[in-house]
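Observations on the three-dimensional arrangement
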Amino acid sequence: MDTAFLISAFATLFVVIDPIGLTPIFIALTQGSSAKQRRAIAIRACVIAFGILCLFTFLGEQVLGFIGISMPAFRIAGGILLFLTALDMLFERRTKRREDKADHPEDVPDPSVFPIAIPLIAGPGAIASMILLTGQSDSLLHTFAVLGVMLLVIFMVLAFFLISGFIEKALGRVGITVVTRLLGMLLAALSVQFVLDGLRAFGLGTG
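Cut-offs and rules
Residues numbered from 1 in each chain as written. Predicted model: local features only at pLDDT ≥ 70, side-chain atom pairs only at ≥ 80, totals over all residues. Heavy atoms only, no water. Helix = DSSP H or I, 4+ residues; strand = E, 2+ residues; numbered from the N terminus. Buried < 20%, exposed > 50% of the residue type's maximum accessible area, 1.4 Å probe, protein only. Areas by Shrake-Rupley, 256 points an atom, 1.4 Å probe, with all protein chains shown as cover. Contact = heavy atoms within 4.5 Å. pLDDT = per-residue confidence, 0-100. Salt bridge = Lys/Arg side-chain N within 4 Å of Asp/Glu carboxyl O. Axes fitted to C-alpha atoms, helices over the stretch in contact; angles between N-to-C directions. Parallel < 35°, antiparallel > 145°, perpendicular 65-115°, else oblique. Left-handed = near helix turned anticlockwise from the far one by under 90°. Nonpolar A, V, L, I, M, F, W, Y, C, P; charged D, E, K, R; others polar.

To continue, consider the overall build of the chain. When its secondary structure is counted, the chain shows 9 helices and 0 strands. Looking at the 207 residues of the chain, the share that counts as buried comes to 45%. For the chain, the exposed area adds up to about 10500 Å²; of that, 70% sits on carbon and sulfur atoms.

Dropping the structure here:
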């Protein structure tokens, strides 16, 4: 297994899922909850998100084939989607949308399924990334390696959720904003690479 690919897969999923950026939203959505309730919500949300991403990992490409969409085309579309996500991160639009969902927590008594698991953790970007990363090879080992990387990122999300109170105090709002901007720059570069890979698969590029 190519170590460089695993590192790239980790970077992609870490940036797209954005455990650090999710932490303040998790805090807002679980305001007033006890430590035990927060822990239960965090675990439930991560388990559900993992299940959803696994489902799309194994069935996503078959669904695309059934409706006549090729992997190169989906790779290009996914790259564009990730680039738009990067723009949202760079200009704080994604954070504002997440905060809007957190403004009225009373509307969602248990936020573990929605909006934490879907679409904050297992959102369109994460789903597209899993299909793209596992679609680059037919090897079962390759697929399980990507699943392992995704599971690692989900565990990081859980860890950040469980220590969210400490992170909030350590980074502060400005610190979280700076980290989100940096992750946005990295995601923009990775999304362009997805588009270039898709074009190359169509025979429109070289090297």
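Inspection of the secondary structure puts Leu 82 in helix 4 (residues 71-90). Measuring from C-alpha to C-alpha, the distance between Leu 82 and Ala 126 comes to 9.0 Å, with 44 residues separating the pair along the chain. Excluding anything up to four places from it in sequence, Leu 82 contacts Val 16, Gly 125, Ser 129, Leu 187, Ser 191 and Phe 194.

So, on to the confidence of the model for the chain. The predicted model of the chain averages 81 in pLDDT, with 86% of residues at 70 or higher. Of all secondary-structure elements in the chain, the lowest mean pLDDT belongs to helix 5 (residues 93-102), at 55, while helix 8 (residues 140-162) reaches the highest, 94.

This brings us to the pattern of salt bridges. Applying the stated criterion across every chain, the model contains 1 salt bridge. The salt bridge involving Arg 200 is made with Asp 197; its shortest N-O contact spans 2.9 Å. Separated by 3 residues within a single helix, Arg 200 and Asp 197 lie in helix 9 (residues 164-201), roughly one turn from each other. Classification of Arg 200 as partly exposed rests on a relative accessible area of 32%. On the accessibility criterion, Asp 197 (24% relative accessible area) is partly exposed.

The next point concerns the packing of helix 1 (residues 3-17) against helix 8. Contact pair helix 1 / helix 8: the axes reach a minimum separation of 9 Å and the direction vectors enclose 40 degrees. Taken as axis vectors, helix 1 and helix 8 run oblique relative to one another. For the crossing formed where helix 1 meets helix 8, the hand is right-handed. Between helix 1 and helix 8, the residues in contact are Phe 5, Leu 6, Ala 9, Phe 10, Leu 13, Phe 14 and Ile 17 and His 142, Ala 145, Val 146, Val 149, Met 150, Leu 152, Val 153, Ile 154, Met 156 and Val 157, respectively. A class-by-class count of the residues in the contact of helix 1 with helix 8 yields 16 nonpolar, 1 polar and no charged.

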